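Examining the three-dimensional arrangement
Chain by chain, the residues run as shown.
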Amino acid sequence: MGKVFPDGFLWGNAMAAFQVEMGLGEIDSKSDWYIWAHDKENVKNSLVSGDCPENGPGFWELFRDDLKLAKEGLGGNSVRLSFDWSRIFPEQTRDIPVTVGFDSFGNVCDVGIPADSVRLLDERAYQPSVQRYREILTECRRLGLTVLLTLYHWPLPLWVHDAIACRDDFGHAVRRGWVDQTTIVEFAKYSAYVAKTFGDLVDLYATLNEPMVVSGAGYLSKDSGFPPGLSDPSSFVEVSKNLAIAHGIAYELVKKWDASSCSAYGPAYVGVVHNPQYYKAFDKDSKDDVRAARFVEYIQNEWILNMILKGDYDLNLNMTIEKDEQRPSLVKGCDFIGVNYYMRNRIRAAPSAILGFPGYETVPCTENCTDMGWEIYPQGMRYELNWTYNLYRRPLMVTENGIADAKDEKRSSYLLSHLGEIHKAIAEDGVPVKGYFHWSLLDNFEWARGFKMRFGLYRVNYETKERKPTKAVPVYKQIATTNMLEE
Ligand code: FCB
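Along each chain, residues carry numbers from 1 onward, in the same order as the chain's sequence is written. Where totals are concerned, whole chains, interfaces and linings use all residues; where local detail is concerned, this predicted model gives features only for residues with pLDDT of at least 70, and gives and counts side-chain atom pairs only at 80 or more. Where side-chain values are given, they derive from all heavy atoms of the structure, hydrogens and water being excluded.

1. Let's talk about the packing of aromatic side chains
Here the aromatic set is Phe, Tyr and Trp, taking the six-membered ring for Trp, and pairing holds for ring centres within 6.5 Å; pairs whose planes are under 30 degrees apart are stacked, those over 60 apart are edge-to-face, and all others are tilted. As enumerated under the stated definition, the model contains 36 aromatic pairs in all. Plain terms: the ring middles of Trp11 and Tyr476 are 6.2 Å apart, the flat faces sit at 90 degrees to each other, and that makes the pair edge-to-face. Of the two residues, Trp11 is situated in strand E2 (residues 10-14) and Tyr476 in helix H15 (residues 472-482); the sequence distance between them amounts to 465 residues. One aromatic cluster is present, built from ring pairs that chain together Phe18, Trp33, Trp154, Phe226, Phe445, Trp447, Phe451 and Tyr462. Note on criteria: charge over ring means Lys NZ or Arg CZ within 6 Å of the ring centre, with the direction from the centre no more than 35 degrees off the ring normal. Over the aromatic face of Trp60 sits the side chain of Arg87, whose NZ or CZ is 3.8 Å from the ring centroid. Sitting above the plane of the Tyr377 ring, Arg344 keeps its charged end 4.2 Å from the centroid. Counting from the N terminus, the helices are DSSP H or I runs at least four residues long and the strands are E runs at least two residues long.

Dropping the structure here:
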């Protein structure tokens with residue numbers, strides 16, 4: 001007898017627009033990440049690989065073949081995709097009128113978008129991109145692939161974020177991305193427009209992908225290779241807060257503007273994708289290591305979900321909620337939580353980056369490591385699913401899980417062991433996990449690390465754009481088509 005997954009379980013793969021779309025001609029150069037990846041200083045300082053996203057897999061042109069792989073090659077019934085905001089709105093939308101409400105702390109807490117403004121947004125949108133995204137979604141529909149659409153998977157339009165100016169002279173930069181609350185308002189317009197325009201083909205939405213990577217890698221660690229490459233704790237707090245607010249506002253607007261259903265999840269089932277990570281004190285007998293591990297676990301795993309789901313904005317990071325940190329008016333809803341899980345982190349105390357708070361560093365992986373240097377630890381999957389559900393009581397989806405494995409030696413066992421843990425979380429612990437999206441369908445542009453990191457179930461030859469199955473393809477297909485893991 002095998003380990004059977006619940007009826008209607010979503011079996012899919014996850015991709016992000018910027019990481020897969022370019023490669024065969026049509027280039028989107030109007031995002032912060034595009035400029036960031038090409039920036040000579042960044043390349044010279046080895047902050048980024050020097051690989052160019054325009055040499056990527058070319059999903060923008062080859063999407064029909066690739067979606068066929070997702071369906072027929074892998075036996076999936078769903079796919080997680082994102083749209084790039086800069087493809088739809090390469091030009092600014094700031095002058096398109098909306099009403100903005102503020103809470104008593106001066107935070108944007110409400111954005112109203114009149115129907116006329118949605119019409120103006122449609123006039124402003126770059127129609128060839130809108131059309132191509134429709135073709136992609138229509139093809140998913142034709143193949144019977146349920147789409148989970150991520151609205152924001154990291155690149156920001158250049159008119160929203162000039163990451164190089166922020167890196168070089170933050171004090172004088174004017175387009176400061178998520179540091180500015182105006183970005184919440186513009187993101188609200190984009191989200192409403194997407195829901196209105198594509199709602200007939202999409203029911204499942206993730207507002208944000210891994211907000212803590214955006215704020216943590218972008219604003220806490222200038223060596224991370226992520227834009228804008230600052231170490232500035234107060235911007236880190238501001239960006240995290242603004243992302244939490246942006247989720248809530250997009251949540252409401254997507255629900256408002258998508259009126260049509262195309263699946264049992266319809267018209268709009270809207271969540272956020274988070275990456276709770278498994279942390280372990282490097283030395284369990286060291287009080288400092290234990291304290292550091294607990295602190296990083298709180299900041300990385302708990303802090304932003306407390307904002308989004310409970311309205312607890314612990315802005316002074318002291319792990320308690322004072323009266324003026326309770327912001328119930330910012331809680332709008334979250335129908336599910338997407339869990340991205342990859343690895344275990346061993347944490348050791350280190351000098352503090354934030355005054356008065358325990359500092360920490362991640363101890364490099366030495367055993368069971370992936371090409372990223374991430375430690376393989378399947379049990380952490382079950383732990384994080386339980387943790388997330390117990391604290392927040394929302395249905396979950398595993399929205400990413402996978403391995404950079406250029407030699408194709410460990411992917412199959414990684415897949416099987418992690419699925420085994422997901423099954424235990426469902427069958428033994430009663431955690432409502434609704435789907436599994438493997439990262440990724442294809443090898444792709446791994447942000448600062450470029451093309452060397454090969455996460456694809458299908459290997460991509462970047463010269464010829466040819467796709468070749470890895471050993472894990474038949475393994476995944478067997479599981480997805482039977483909805484069952486063999487004992
Ligand atoms: C996650 C990102 C995704 C991909 C994987 C490997 O943090 O969401 O885009 O880069 O890591």
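That was the structure; now back to the text.
2. Looking at the site of the ligand
Residues are labelled near a given molecule or strand when at least one of their non-hydrogen atoms is within 4 Å of it. As a structural note, the neighbourhood of the ligand is formed by Gln19, His153, Trp154, Asn209, Glu210, Tyr342, Glu400, Trp439, Glu446, Trp447 and Phe455. Polar contact is the term for a pair of N or O atoms within 3.5 Å; when the atoms are in protein, one must be able to donate a hydrogen and the other to accept it, and sequence-neighboring residues count only if both atoms are side-chain atoms. Separating an oxygen atom of the ligand from a side-chain N or O atom of His153 is a distance of 2.8 Å. Asn209 places a polar side-chain atom, nitrogen or oxygen, 2.9 Å from an oxygen atom of the ligand. Considering only residue class, the shell around the ligand consists of 5 nonpolar, 3 polar and 3 charged. We call Asp, Glu, Lys and Arg charged. Ala, Val, Leu, Ile, Met, Phe, Trp, Tyr, Cys and Pro are nonpolar, and the rest, Gly among them, are polar.

3. Overview of the pairing of strand E8 (residues 269-274)
Burial analysis of E8 places 6 of its 6 residues in the buried class, which makes it a mostly covered element. Note on exposure labels: buried denotes an accessible area under 20% of the residue type's maximum, exposed denotes more than 50%, and partly exposed covers the range between, all computed with a 1.4 Å probe on protein chains only. Residue alternation in E8 divides its side chains into two sets, Tyr269, Gly271 and Val273 and Val270, Val272 and His274, and both sets are buried. Any two strands between which DSSP finds at least two bridges are classified as paired. Both strand E7 (residues 204-209) and E8 contribute to a ladder of 4 bridges, which runs parallel. Opposite Ala206, over in E8, you have Gly271 as the bridge partner. In the sheet, E8 pairs with strand E10 (residues 336-340) via 4 bridges, with the strands oriented parallel.

4. Focus on the nonpolar core
Judged by nonpolar contacts, the single largest core of 141 residues is most densely connected at Ile88, Trp178, Phe187, Leu385 and Ile422. For this core, the leading source of residues is helix H11 (residues 233-257), giving 13 residues. What makes two residues a contact is simply this: any of their non-hydrogen atoms within 4.5 Å. If we skip the residues at most four places from it in the chain, Ile422 touches Phe5, Met381, Leu385, Val398, Val433 and Tyr436. Throughout this description, the term nonpolar core refers to a set of buried Ala, Val, Leu, Ile, Met, Phe, Trp, Tyr and Cys residues connected via side-chain atoms within 4.5 Å. If you look at the next biggest cluster of nonpolar residues, it comprises 22 residues, including Leu10, Ala14, Tyr342 and Met397.

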